[in-house]
Amino acid sequence: MGSLLVLLVGLVVCFAAQGKREIPIGAIFHGDNYESEIAFKYAIERVNMHEKHFELVPLIKYVSPDDSYKTERKVCELVSEGVTAIFGPSSMLTSGIVSSICKTIEIPHIITHWDPEPFGGWDPELQAMTINLYPEADILSRALQDLIVDYTWKSFTIIYDSDEGLMRLKDVLQIHGPGDNPITVRQIDDNPDYRPLLKDIQSSGESHIILEVHPEKILEILRQAKEVKMLEEYQSYIITSLDAHTLDFEELKYSRSNITTLRLMDTKSFDIKNAVHDWEQGEARMKKVFRVSPEHVRTESALYHDAVKLYATAIRELDATEEITPSRLSCGSKNLRQWPFGLRIVNYMKVKTDHGISGPIIFDDYGRRTHFQLDIVELNHQDGFMKIAVWDPTNGIIYTRSQEDVHLQIVESLHNKTFIVASRLGAPFLMMKEKKEGEFLEGNNRFEGYSIELIDGISKILGFKYTMELVPDGKYGSYNKETKRWDGLVKHLLDRKADLAICDLTITYERRTAVDFTMPFMTLGISILYAKPVPQPKDLFSFLSPLSLDVWIYMATAYLGVSVLLFVLSRMAPADWESAHPCKQDDIDEVENIWDMLNALWLTMGSIMGQGCDILPKAVSTRVVSGMWWFFALIMLSSYTANLAAFLTMERMDASIESAEDLAQQSKIKYGAVLGGSTLSFFRNSNFSTYQRMWAAMESTRPSVFTKSNDEGRDRVLKGRGLYAFLMESTSLEYITERYCELTQIGGLLDSKGYGIAMPVNSPYRTAISGAVLKMQEEGKLHQLKTRWWKEMYGGGRCDEHATKSAADSAAELGIDNVGGVFLVLACGCCFAFILGILEFLWNVRKVAVDEKVTPWEALKAELKFAMNISITTKPVHSMLSESSSAKSSMRSASRRGSESVSRVHNIKSGTSLMNMDKIGFVFSNK
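Quick caveat: nothing in here was measured; it's all calculated off a predicted structure.

Helix and strand counts for the protein chain come out as 31 helices and 34 strands. In the protein chain, 71% of the contacts between residues at least 6 apart in sequence involve partners at least 24 apart. Looking at the protein chain as shown, the accessible area adds up to about 46,500 Å², and 55% of this sits on carbon and sulfur atoms.

The structure is reproduced here in structure tokens:
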């Protein structure tokens, strides 16, 4: 039945060809272009089946890729046979000869291979008759550039086998900037052993490789890469050949590395399936066996198919307006003629927009294919090459799979996978578990801490297993600029000895250039670990501490001064002289003053002690003085009591430093950090002047101030007796100060950063693990882990640093600068009271002078003399004193014969003698 069908198709083609005008087209192939030749022939057959007015007649010649003489001769043969176009050949050397001849006699020349721009640029005249269906060289190079940028490859190695291959990567080489990591370019020769080259690349730590080699070498290079463990999950390959999809990757399909390539055709399209069917059926009619799947069609074959269809379209469209007639031409200069239709056909093809099995076809004025679409495909375990994105010059890369699909694919690959997780010992992140008697620990059971519980939580979310290992040198990972090598955990990842690294590993820019990190699982900053100052010895007089010595001296002086002032003013003020018998208010013979020096001292003492006094002054001046003293005493008492409790309940400490600036400005206290850690890198690379000074001081100090671990730094601070401070990350510092109460944090955070889980660059698991970390954070599990290992386990929560700091802040002694204003108010009040007392005294002197009929001056002297006699506490009332004075005057005068002036003098003496009364109130002694 199948044979009959083939026979019927052949008869249809034969009868359809009768009565059609023949239009011969030539093609030149090399010996290895069998599939392209088939595509060319059966594309013509398919065209002839549908055309009614003309029939394309193929004329095929064969030449060697480097035989230019034979190529020229074959072209002239085709021209003499009247071909209307020449397709091929595929080598640049022979194609150039064909292009030159076709340009001379104006026959369309259609090529399907990579053709770079000449060094001098394109010549419109030389390119006038050439159409190239292969993607334009610069635009194809830009597609590779976009792919590398999208993959965020910061460094890569190019393996190439010819100069043409390096030219194809022109735009890729321009990605590298002055500050970027170097691009390594390695050329392979004819030696089939590529292992030494691959081992060199492996030793360099490079994981991104671009293969720009002939398709025949691709599989062998990858096979040998697998042998030297260069085909692991952290290596990525980009194959630049557009025919890589035609190779049999079955033996490499289960490799763990990422292999990406570009493809010009959609192998799932209906057109390519029809074309392949035509090829197979056509060869079957010729009694030949030809088998090829749409997924393995070579790019050149697809381009020949599209080239024939495009040329047939041009002939059909132009033939409708003017019949296209072939002409037999000659290459010789004597009979040189040009075909009149050639230029019209080429110009039509340049402006024609078409779509073939190689996608959209658009040319520029030079006949170059400047618009096309590329499939970006990855090698898949199940389906071989699978399309993940498309690229075109206008839109760039557009992914055809969602991020969710990528995530699900990665998560599925994690099931039953065992990760090697590297770490280092350091509390509370990872510690050796203490063995119980008779207990044997092995594997992950040897460890405990925050890190192992974190990775255990992530493994339960994603479903993988893990094995915890310690990094041999115990370091975090720093780059040595002299040896150009990393150490610690970073080196372990670069050597592919671990899949993950987890501990208190800080995410830094320098480390990000070597490894990848997940999102931070903990945020932190650099701070200062320092010893709390040694407590002062117990002091019996510590109750005096709330106030400084000068304040106590000022208070004592004020106490005595106010007491004396109160005593003086009370003796001068009449209101403070009162009857000795309060119930007897009439016929008062004398008054007394209770404000002797002892009572004045007692009043001021009671005021400052907050206890008050049973006696109070009554005069305005003395009340002002006592009021001001009460105000002063209230302020001082409240200040004292506010500070006394704190001083009596805590040990006073004298902190030497309070910030990083304090450390930088002194040289007595030494300070350092962990050698090779991110804290050290922070100071070494900082542009801030303070931190630059600190780095210079640390680097120049001998003996070295650097330590190998945080524990060594902690012990050094403890033994330093206030002469050593340790710069470390706040999380580790918090852990230490929770357990060592004699240590404290000084100042705030100097920066802000985070801890992350490190993995090799280009790890496919970074997104999945970051998602698991985020999930644990949202569920509060990260906070629970930190509380458990910082506050609860192994002595956590022993010290309450916050309460100690608050007490220290509130217990600072008050100096004269703090309470000097109270003294100023007291002094002003005392001065006002003194002035008021003087005025009150002078008013009383005036009253006495009027009542006693003496001069003001005599009254002033008498009152002053009385006030200065501190032994007298009673004073006669002036009205009674006047009568006593008159009686005394008549007893001492024998007659009134004295003149009026003598009597006035006698009265003055009598008035003066009134001031000399004794304690029981008598004015004169009885005679």
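What follows is about a nonpolar patch on the surface. A cluster of nonpolar side chains, namely Phe834, Ile835, Leu839 and Leu842, defines an oily patch on the protein surface of about 390 Å² accessible area. Among the residues examined, Leu839 registers a relative accessible area of 53% and is labelled exposed.

Overall, mixed pairing links the eight strands, which are arranged S7-S6-S8-S9-S10-S14-S15-S16 in an open sheet. Every other strand in the sheet has two partners, leaving strand S7 (184–187) and strand S16 (396–399) as the edge strands with one partner each. With strand direction ignored, the average angle separating the axes of adjacent strands in the sheet is 25 degrees.

Turning our eyes to something else, we now look at the nonpolar core. Nonpolar side chains in soluble globular proteins tend to be buried together. Judged by nonpolar contacts, the single largest core of 73 residues is most densely connected at Phe40, Leu56, Phe87, Ile210, Tyr311, Ile345 and Leu374. Of all the elements, helix H11 (residues 299–319) adds the most residues to this core, at ten residues. What Ile210 contacts, discounting residues up to four positions off in sequence, is Ile148, Trp153, Phe156, Thr157, Ile158, Ile159, Leu169, Val172, Ile238 and Thr240. Formed by 47 residues, the second largest nonpolar core is a distinct cluster that contains Ile669, Val717, Tyr724 and Phe726.

Moving on, we come to the packing of aromatic side chains. By the definition in use, this model includes 27 aromatic pairs. Taking the centre distance of 6.4 Å and the plane angle of 45 degrees together, the rings of Trp153 and Phe156 count as tilted. On the accessibility criterion, Phe156 (1% relative accessible area) is buried. Centre to centre, the rings of Trp789 and Tyr794 are 6.4 Å apart; their planes meet at 25 degrees, and the pair counts as stacked. By relative accessible area, which is 1% here, Trp789 ends up buried. Through a chain of ring-to-ring contacts, three or more aromatic side chains come together here, namely Phe429, Tyr450, Phe521, Tyr735, Tyr755 and Trp790. Across the ring face of Trp790, the terminal group of Lys786 is positioned such that the distance to the ring centre comes to 5.7 Å. Arg846 extends its terminal NZ or CZ atom over the ring of Trp843, reaching a point 5.3 Å from the ring centre.

For helix H24 (residues 730–737), the buried fraction is high: seven of the eight residues fall into the buried class. When we look at burial in H24, the residues that qualify are Ser730, Thr731, Ser732, Leu733, Tyr735, Ile736 and Thr737.

Right, let's talk about the environment of Pro58 for a bit. Mapped onto the elements of the fold, Pro58 is located in strand S2 (residues 54–62). Linking Pro58 and Ile86, residues 28 residues apart in sequence, is a C-alpha distance of 9.9 Å. Residue contacts for Pro58: discarding those within four places in its chain leaves Ile25, Phe40 and Ile44.

By the definition in use, this model includes one disulfide. For Cys76, the disulfide goes to Cys331, at an S-S distance of 2.3 Å. The sign of the S-S torsion, about -120 degrees, decides the handedness of the disulfide formed by Cys76 and Cys331: left-handed. Of this pair, Cys76 sits in helix H3 (residues 68–80) while Cys331 sits in the loop between H11 and helix H12 (342–351), placing them 255 residues apart in sequence. With no disulfide of its own, Cys102 lies closest to Cys331 among cysteine sulfurs, the gap being 8.9 Å.

Another aspect to go through is the pattern of salt bridges. For the structure shown, the criterion picks out 40 salt bridges. A salt bridge links Arg223 to Glu251; its shortest N-O distance comes to 2.6 Å. Here Glu251 lies in the loop between strand S9 (236–239) and strand S10 (258–263) and Arg223 lies in helix H9 (residues 215–227), a separation of 28 residues in the sequence. Of the residues examined, Arg223 reaches a relative accessible area of 28% and is grouped as partly exposed. For Glu738, the salt bridge is made with Lys791, and the minimal N-O distance between the two is 2.7 Å. Placement of Glu738 in the loop between H24 and strand S31 (743–746) and of Lys791 in helix H26 (residues 781–792) is noted, with a sequence separation of 53 residues between them.

With that settled, the discussion passes to unusual backbone geometry. A cis amide bond, omega -5 degrees, links Gly88 with the succeeding residue Pro89. Of note, Pro89 is situated in the loop between strand S3 (86–87) and helix H4 (92–105). Positive phi values are uncommon outside glycine, yet Lys484 reaches one of about 60 degrees. Relative to the assigned elements, Lys484 resides in the loop between strand S21 (479–480) and strand S22 (485–486). The backbone of Arg721 shows a phi angle near 50 degrees, a positive value even though the residue is not glycine.

Here helix H2 (residues 34–50) crosses helix H10 (residues 270–285) at 90 degrees, and the two axes come no closer than 9 Å. By the criterion of interaxial angle, the relationship of H2 to H10 is roughly perpendicular. Residue-level inspection shows Tyr34, Glu35, Ile38, Ala39, Lys41, Tyr42, Glu45 and Arg46 of H2 in contact with H10, the latter providing Asp278, Trp279, Gly282, Glu283 and Arg285. Looking at side-chain class alone, the contact of H2 with H10 contains five nonpolar, one polar and seven charged residues.

What counts and what doesn't
Residues numbered from 1 in each chain as written. Predicted model: local features only at pLDDT ≥ 70, side-chain atom pairs only at ≥ 80, totals over all residues. Heavy atoms only, no water. Helix = DSSP H or I, 4+ residues; strand = E, 2+ residues; numbered from the N terminus. Contact = heavy atoms within 4.5 Å. Areas by Shrake-Rupley, 256 points an atom, 1.4 Å probe, with all protein chains shown as cover. Patch = residues over 30% accessible without salt bridge, like charges linked within 9 Å, V, L, I, M, F, W, Y side chains within 5 Å. Salt bridge = Lys/Arg side-chain N within 4 Å of Asp/Glu carboxyl O. Buried < 20%, exposed > 50% of the residue type's maximum accessible area, 1.4 Å probe, protein only. Pairing = 2+ DSSP bridges. Axes fitted to C-alpha atoms, helices over the stretch in contact; angles between N-to-C directions. Core = buried A, V, L, I, M, F, W, Y, C linked by side-chain atoms within 4.5 Å. Phe/Tyr/Trp six-rings, centres within 6.5 Å; stacked < 30°, edge-to-face > 60°. Lys NZ or Arg CZ within 6 Å of the ring centre and 35° of its normal. Disulfide = S-S within 2.5 Å. Parallel < 35°, antiparallel > 145°, perpendicular 65-115°, else oblique. Nonpolar A, V, L, I, M, F, W, Y, C, P; charged D, E, K, R; others polar.

By themselves, these figures tell us nothing about what the structure is for.
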